[in-house]
Amino acid sequence: MSVVTVQLGQCGNQIGPQLFSTLYDDSSGASPKTYKEFSHERFFWEDSGGMLVARSVLVDMEPKVISQAITKASKSGKWRYWEKAHFCQKQGSGNNWANGYCVHGPRHEEAVEDLVRREVERCDRLSGIFAMMSVAGGTGSGVGTFITQCLRDMYPHSFILNHLTWPYGTGEVIVQNYNTVLTLSRLYQLSDAIVVHENDTVHKICSQLMNIKQISIDDINKVIAHQLGSMLQPAYTADSPTHYSRNPIGELLSSLVCHPEYKLLSLCNIPQMSHTSLAYSAYTWPGLLKHLRQMLIASARMEEGIDWKVSVPSSGGESTRNRQMGFNRSLSNLLILRGKDVSSADTDGFKDPALYVPWVPPDGTFSSWTSPVPFNGYEKSATLVSNSQFLLKPLDNIVRKAWNMFVSRAYVHQYTKFRISEEDFLDSFSMLEQIISSYTHL
């Protein structure tokens, strides 16, 4: 089954080429051959000349963004974008969510829907739609939210998984908090799940783990693409333990989204380091899983600087006290192990009932996927996709900052002139406050 990717806005169209390059490079040299075949079937199709073409639709309101993505893919010489699978205009949304959602989205709805429909029709079977965007701008978040709404109407029975890039805490866009609130409140009703990457976290990984001195957008995108690839590449699952899964999005969602009120997924991957250091490093499964489990418990974003004092509480209740201790409670976790001797890895530490809320059945809290194929040059690697309180603090901060601006009516007129009313803002705040409350009281 295939995954159709929709790259929305500058952020989606910068991460997209890097993601497809990561997927291609990882699978092309893989042995056995079936891993490569399943990966290529999932993310690419072949043109008449035998060149691999990404199953992707590119959308932006500015031509240069699309042009840069297409050029980057073409330079690889290994895969490309289909020349008719992109849409752009010569006028952006000006970092205004309302302009993107209320003006550009409806104006170009039919053209974008047609592009997605053509890409879906190329698939023998559709596993789901993977939409990538930022939450902070106008095209990616505004147009992106509108397009997601259209996709939900077009494919009511297909899975939609959104990938969102969270803005820096001190961002360049003054209204990024408004844009984030408006995006999340609507996507939460449209998507089956939302995978979030925080720019601040990825920046720290580049600086502290990969020792990059002058961090560029490309460096940020490579880390995000590496983590997404480790989640999306073929693996043996509980439903397909002897062959690679053909329903990646469906099995991911069935493993992690047990209740429609809880759709926020965080992603951790270890180890991550510069390729120059990789040749001199050796890892064991017990060591990797010990660190990853503590990252989960202590809500640590990377393996450096983990608070080892945080421990699993002795009882399943006392959620307020647990939060004060820094303990991160989970609804469900998916552990994906890739590489050498993967069958010897002991995952029992992630099955501890004290990690999870008591109302989820034990067989619904933890899933494990494996692949003996090393991922992206790492002999052993572990990825944790978590539906937990991981994102509670950044979400709470965004809502608080946006509310402080809203009560003083700062910049609200920029949205009302494009038909987003103050009542729309209040509805969005109310929706996100409910999400915060749900995750807080796990």
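Residues numbered from 1 in each chain as written. Predicted model: local features only at pLDDT ≥ 70, side-chain atom pairs only at ≥ 80, totals over all residues. Heavy atoms only, no water.

**Q** Let's hear about the side chain of Ser371: which residues, and what values?
**A** Assignment of secondary structure puts Ser371 in strand S12 (residues 366-371). Exposure remark for Ser371: the relative accessible area of 0% places this residue in the buried category. Contact partners of Ser371, with chain neighbours within four places excluded, come to Tyr35, Pro234, Ala235, Tyr244, Leu337, Arg338, Gly339 and Val342. (Helix = DSSP H or I, 4+ residues; strand = E, 2+ residues; numbered from the N terminus. Buried < 20%, exposed > 50% of the residue type's maximum accessible area, 1.4 Å probe, protein only. Contact = heavy atoms within 4.5 Å.)

**Q** Explain the sheet that holds strand S3 (residues 52-54) to me, using residue names and the numbers behind them.
**A** Sheet architecture is open: three strands sit in the order S2-S3-S5, paired in mixed fashion. Single-partner strands in this sheet number two, and they are strand S2 (44-46) and strand S5 (79-80). Two strands pair when backbone bridges link them, and S2 and S3 are joined in this way by three bridges, in the antiparallel orientation. Its bridge partner lying in S3, Trp45 is registered against Val53. (Pairing = 2+ DSSP bridges.)

**Q** How would you summarise the packing of helix H1 (residues 9-28) against helix H3 (residues 63-76) if you had to cite specific residues and measurements?
**A** Viewed as axis vectors pointing N to C, H1 and H3 meet at an angle of 5°, and their least axial separation amounts to 9 Å. As summarised for this structure, H1 and H3 are arranged roughly parallel, according to the angle between their axes. Judged by residue contacts, Gly9, Gln10, Asn13, Pro17 and Gln18 of H1 engage Val65, Ile66, Ala69 and Lys72 from H3. When grouped by side-chain class, the residues that make up the contact of H1 with H3 number four nonpolar, four polar and one charged. (Axes fitted to C-alpha atoms, helices over the stretch in contact; angles between N-to-C directions. Parallel < 35°, antiparallel > 145°, perpendicular 65-115°, else oblique. Nonpolar A, V, L, I, M, F, W, Y, C, P; charged D, E, K, R; others polar.)

**Q** So what's going on with helix H8 (residues 199-209)? Residues and values would help.
**A** Within H8, burial applies to Asn199, Thr201, Val202, Ile205, Cys206 and Leu209. Next to the buried residues of H8 lie strand S8 (160-166), strand S9 (193-198) and helix H9 (217-232).

**Q** Provide a residue-level description of the packing of aromatic side chains, including the pertinent values.
**A** The description of two aromatic rings rests on the distance between their centres and on the angle between their planes. Under the defined criterion, the tally for this structure stands at 22 aromatic pairs. Measuring from centroid to centroid gives 5.0 Å for Trp79 and Tyr81, while their planes differ by 80°, and the two rings are edge-to-face. (Phe/Tyr/Trp six-rings, centres within 6.5 Å; stacked < 30°, edge-to-face > 60°.)

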